[in-house]
Amino acid sequence: MRIEECEGVSASRKHLVFAYYVTGHGFGHATRVVEVVRNLILAGHDVHVVTGAPDFVFTSEIQSPRLFIRKVLLDCGAVQADALTVDRLASLEKYSETAVKPRESILATEIEWLNSIKADLVVSDVVPVACRAAADAGIRSVCVTNFSWDFIYAEYVMAAGNHHRSIVWQIAEDYSHCEFLIRLPGFCPMPACRDVIDVPLVVLR
């Protein structure tokens, strides 16, 4: 799955190493990722989850030596006073502190880590810098989501008087490095992702 086949790739296509980056904003992303991770592990693959979400979201549902959790905060979502109230300017400022100012250090660390685990594919839901780090490490990446932070933050920039406008462009550029988007139901516009595969809505009894 690497852009150029080399010794860093897992020995067998039946056994792959996934680096799954999951935003720590709320529990919604983490809980939906659990089922994907569970099935990847059942198929015989190793999954390294990189997230700011609590470990128990994953470990309470999946008990396997093939699951590895790495606690890192690489994006921060929205700053909210309550479930319905978003502080738009504070959200932009927090993202700047979390992912923009330390960007070069983040990229260097993630590239080194991805190579150390011999990752075959990076999956992002929906951490922007993960896609850029994967590209710089020579590893393909995909996004699995129903929205992207460039779309969300664009509204915040307008509401906050155009502060931190460059954040939106940087996030969109990061996402542009992913191979394709697996788009989940209830999606927002995600123009940075060109190739899209829609996942149908499945309702179980």
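Everything that follows concerns the structure shown earlier in this document.
As the structure is a prediction and not an experimental result, all values here were calculated from the model.

### Remarks on helix H6 (residues 149-159)
Every α-helix winds through 3.6 residues per turn, so residues three or four apart in the chain are directed the same way. Residues of H6 that are buried include every one of Trp 149, Asp 150, Ile 152, Tyr 153, Tyr 156 and Val 157, and no others. Buried residues in H6, looked at end-on, bunch into an arc of 155°, giving them a common side. Following H6 by one or two positions, Gly 161 has its phi on the positive side, about 80°.

### Re the pattern of salt bridges
Using the criterion set out here, one finds 13 salt bridges in the structure. Between Asp 46 and Arg 66 there is a salt bridge whose closest N-O contact spans 2.8 Å. Of this pair, Asp 46 sits in strand E2 (residues 46-51) while Arg 66 sits in the loop between helix H2 (56-59) and strand E3 (67-71), and the two are 20 residues apart along the sequence. Given a relative accessible area of 15%, Asp 46 falls into the buried group.

### Remarks on the side chain of Asp 174
Mapped onto the fold, Asp 174 is located in helix H7 (residues 165-175). In contact with Asp 174, other than residues within four places in its own chain, are Arg 103, Pro 128, Val 129, Cys 131 and Arg 132.

Basis of the calculations
Residues numbered from 1 in each chain as written. Predicted model: local features only at pLDDT ≥ 70, side-chain atom pairs only at ≥ 80, totals over all residues. Heavy atoms only, no water. Buried < 20%, exposed > 50% of the residue type's maximum accessible area, 1.4 Å probe, protein only. Helix = DSSP H or I, 4+ residues; strand = E, 2+ residues; numbered from the N terminus. Arc of directions from axis to C-beta. Salt bridge = Lys/Arg side-chain N within 4 Å of Asp/Glu carboxyl O. Contact = heavy atoms within 4.5 Å.

Such coordinate-based values are descriptive only and should not be taken to indicate function.
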